[in-house]
Amino acid sequence: SAVPALPSPSTLRFILLCGLWYTSSALSSNTGKAILNQFRYPVTLTFVQFAFVAAYCLLFMSPIVRFSRLRKPSRAILKDTLPMGLFQVGGHIFSSMAISRIPVSTTHTIKALSPLFTVAAYALLFGVRYSAKTYVSLLPLTFGVMLACSFDMSASNAIGLLCAFGSALVFVTSNIFFKKIMPTPTSAGATSHHKLDKLNLLFYSSSMAFLLMIPIWVFTDLPLFLAASSAEPGHVAHPSHGHSAHHSVAYYMILNGTVHYAQNIIAFVILASVSPVTYSIASLVKRVVVICMAIVWFSQSVHPVQGVGIALTFAGLWMYNNAKGDVERGENKRRGVEARREGMLPLTREEEKMLAPTPPPELLIPRVPPALQDPIGVTSAREPPTPIQISTAMAPAHGPISPVRTNRAHHAHGHYPSLHIEITPPPAMKSGRLTSPTDLYPSPPASLDSPP
């Protein structure tokens, strides 16, 4: 029997990275929930997460490790990372507020509605039309989320559900913004001298988010800390009753910040090493793993109706992933129309395909048989009218030309050859003298402004 071939090193590396990505993502969500069960300050948790990510980036770019070199901040770098920081602040605050009120599995199930929001935004805002296969895949996704959330509709949970929806909407808006509003350096024809590597991009976006979080934290959580300190020094009161845990808040904070950084940098590495389709499939599996591990981690009881809803959500994500080619074609078509409207020129093969216009309909032009053609190149009297005729009254100053016959034979591959013009040269002499350039032009009528 033949020995099965071993997987290639690149395949083993991809499997290892996916395992680390799934584990770090699940630990990030579950430790965040464990922190918020004891320490109900979601804004502070988000603030600390951005600080950990920026600090780890600096550590790995330090002279001791030197995985990369820190780029000096420039106006272009700050301009590009400011929108990223804004979207990260909004999305992560909503996500932390959702996790503090509803289970992690419910939060990630609602985030699975991102394809629905993406398709709806492109269809309503940009007029992109998708195939029926894409719309059908959204039905089990929508009904699955509705069933999964059907048993979490208390007053407190309603706010958590709204925050989970808000987090999904913010991240979808972020994706649309960077695809639609912010052009890539290649498509915009700009230089890429300020393009950042993974560590620098993560550092500047997290640092920008950390700076943007300062006024939010001062306005929301700092007054609560000051009030708790004045009432009872050394003790922080919680807005609501917490739950017991095996480890302290500080332990979970360090662990959460570490795995939060790990899941971000591993996602960058995977995205840079595989195709977008492979990355989307890996991301789909990651969401499934995070939801299942959250149920096991917290020993969460799942109602059968919720179980059916989660299963429908998984099925809808899988169907949407299979129909994602139609989604990409629709987005490329929309980008091509806008690029042609703005007069952009292609710089890559992909942009050339995107900017290629729809081929025109075939022109049915009768071809003149050779038997009906005059041997000297002048159209015979028996020949049907040609599509383009140039009269001798339009002759240039160097002499007359014969009528022009065009030959637009349809090429076998659907292209049209260049226009072919046959010109009969005029005689050089007429009656022993040079032909005057004005012999064939009639005298123009007298102008009203001409002298008598």
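Reading the values: rules and limits
- Residues numbered from 1 in each chain as written.
- Predicted model: local features only at pLDDT ≥ 70, side-chain atom pairs only at ≥ 80, totals over all residues.
- Heavy atoms only, no water.
- Helix = DSSP H or I, 4+ residues; strand = E, 2+ residues; numbered from the N terminus.
- Areas by Shrake-Rupley, 256 points an atom, 1.4 Å probe, with all protein chains shown as cover.
- Polar contact = N/O pair within 3.5 Å; in protein donor to acceptor, adjacent residues only side chain to side chain.
- Contact = heavy atoms within 4.5 Å.
- Core = buried A, V, L, I, M, F, W, Y, C linked by side-chain atoms within 4.5 Å.
- Buried < 20%, exposed > 50% of the residue type's maximum accessible area, 1.4 Å probe, protein only.
- Expected span 1.5 Å × (residues − 1).
- Axes fitted to C-alpha atoms, helices over the stretch in contact; angles between N-to-C directions.
- Parallel < 35°, antiparallel > 145°, perpendicular 65-115°, else oblique.
- Left-handed = near helix turned anticlockwise from the far one by under 90°.
- Nonpolar A, V, L, I, M, F, W, Y, C, P; charged D, E, K, R; others polar.
- Phe/Tyr/Trp six-rings, centres within 6.5 Å; stacked < 30°, edge-to-face > 60°.
- Patch = residues over 30% accessible without salt bridge, like charges linked within 9 Å, V, L, I, M, F, W, Y side chains within 5 Å.
- Salt bridge = Lys/Arg side-chain N within 4 Å of Asp/Glu carboxyl O.
- pLDDT = per-residue confidence, 0-100.
- Bend = angle between axes of the 7 residues up to and from the residue.

(A) Structural view of the overall build of the protein. When you go through the protein residue by residue, the secondary structure sums to 15 helices and 2 strands. Roughly 26700 Å² of accessible area belongs to the protein as shown, and the carbon and sulfur atoms make up 68% of that amount.

(B) How the structure looks around the side chain of Thr-31. Examined against the element boundaries, Thr-31 turns out to sit in helix α1 (residues 9-38). Side-chain polar atoms of Thr-31 contact the backbone oxygen of Leu-27, separated by 2.5 Å. If sequence neighbours within four positions are ignored, Thr-31 has contacts with Tyr-252, Leu-255, Asn-256 and Val-259.

(C) Structural view of the nonpolar core. By size, the foremost hydrophobic cluster in this structure holds 24 residues, and its most contacted members are Ile-110 and Leu-141. Counting only elements with at least two residues in this core, the list comes to α5 (114-125), α6 (132-148), α7 (155-180) and α13 (304-322). Tallying contributions element by element places α7 first for this core, with 6 residues. In this view, Ile-110 contacts Val-145, Cys-149, Leu-161, Ala-164, Phe-165 and Ala-168; residues no more than four positions away in its chain are not counted. With 21 residues, the next largest nonpolar core counts Ile-77, Leu-196, Leu-199 and Tyr-261 among its residues.

(D) Fine view of helix α11 (residues 249-273). The end-to-end C-alpha distance of α11, which contains 25 residues, comes to 36 Å, matching closely the 36 Å that a straight helix rising 1.5 Å per residue would cover. Of the positions making up α11, those classed as buried are Tyr-252, Met-253, Asn-256, Gly-257, Val-259, His-260, Tyr-261, Gln-263, Ile-265, Ile-266, Ala-267 and Ile-270.

(E) Looking closely at unusual backbone geometry. The backbone phi angle of Arg-66 is positive, close to 55°, even though this residue is not glycine. Relative to the assigned elements, Arg-66 resides in the loop between α2 (42-60) and α3 (75-99). Its identity as a non-glycine residue notwithstanding, Ser-299 has a phi of 50°, on the positive side. Considering the arrangement of structural elements, one finds Ser-299 in the loop between α12 (276-297) and α13. Judged by relative accessible area, Ser-299 falls into the exposed class, the value being 63%.

(F) Up close: the packing of α2 against helix α9 (residues 198-220). One way to put it is that α2 packs onto α9 with a least axis distance of 8 Å and a crossing angle of 150°. As far as their axial angle goes, α9 and α2 are roughly antiparallel. Of the two elements, α2 crosses α9, and the hand of that crossing is left-handed. For the pair formed by α2 and α9, the contact residues are Val-43, Thr-44, Thr-46, Phe-47, Phe-50, Ala-51, Val-53, Ala-54, Cys-57, Leu-58 and Phe-60 on the first element and Leu-199, Leu-202, Phe-203, Ser-206, Ser-207, Ala-209, Phe-210, Met-213, Ile-214, Ile-216, Trp-217 and Thr-220 on the second. Residues belonging to the contact of α2 with α9 are distributed by class as follows: 18 nonpolar, 5 polar and no charged.

(G) Looking closely at the packing of aromatic side chains. Taken as a whole and assessed by the stated rule, the structure comprises 16 aromatic pairs. With 5.4 Å between their ring centres and 15° between their planes, Phe-60 and Phe-67 make a pair best called stacked. By relative accessible area, which is 24% here, Phe-60 ends up partly exposed. A relative accessible area of 60% means that Phe-67 is categorised as exposed. Put simply, the rings of Phe-39, Tyr-41, Phe-47, Phe-210, Trp-217 and Phe-225 pair up and form one aromatic cluster.

(H) Quick look at a nonpolar patch on the surface. Together, Leu-59, Ile-64, Val-65 and Phe-67 give the surface a local cluster of nonpolar side chains, amounting to about 440 Å² of exposed area. Judged by its relative accessible area of 41%, Leu-59 falls in the partly exposed class.

(I) Quick look at the confidence of the model for the protein. Residues of the protein with pLDDT of at least 70 account for 62%, and the chain-wide mean is 74. Per-element confidence in the protein ranges from a low mean pLDDT of 43 for helix α8 (residues 185-188) to a high of 94 for α2. Confidence over residues 376-383 falls short of pLDDT 50; this stretch has 15 contacts with residues more than four positions distant or in other chains. Scored below 50 in pLDDT, residues 443-452 shows 0 contacts in the model against residues more than four places distant or in partner chains.

(J) Just α9, in detail. The first and last C-alpha atoms of α9 sit 32 Å apart over 23 residues, in line with the 33 Å expected at 1.5 Å per residue. In α9, a bend of some 30° at Met-213 exceeds every other bend along the element, and Pro-215, a proline, comes one to four places later. Those residues of α9 lying buried are Leu-199, Asn-200, Leu-202, Phe-203, Tyr-204, Ser-205, Ser-206, Ser-207, Met-208, Ala-209, Met-213 and Trp-217. Capping of α9 at its N-terminal end is provided by Asp-197; its side-chain oxygen lies 3.1 Å from the backbone amide nitrogen of Leu-199.

(K) Geometry of the packing of α9 against α11. Look at α9 against α11: their axes get within 10 Å of each other, and the N-to-C directions meet at 140°. The angle between the axes of α9 and α11 places the two elements in the oblique class. Our pair here, α9 against α11, has a crossing hand that is right-handed. When α9 is examined against α11, the residues Lys-198, Leu-199, Leu-201 and Leu-202 are found in contact with a partner set consisting of Tyr-261, Asn-264, Ile-265, Phe-268, Val-269 and Ala-272.

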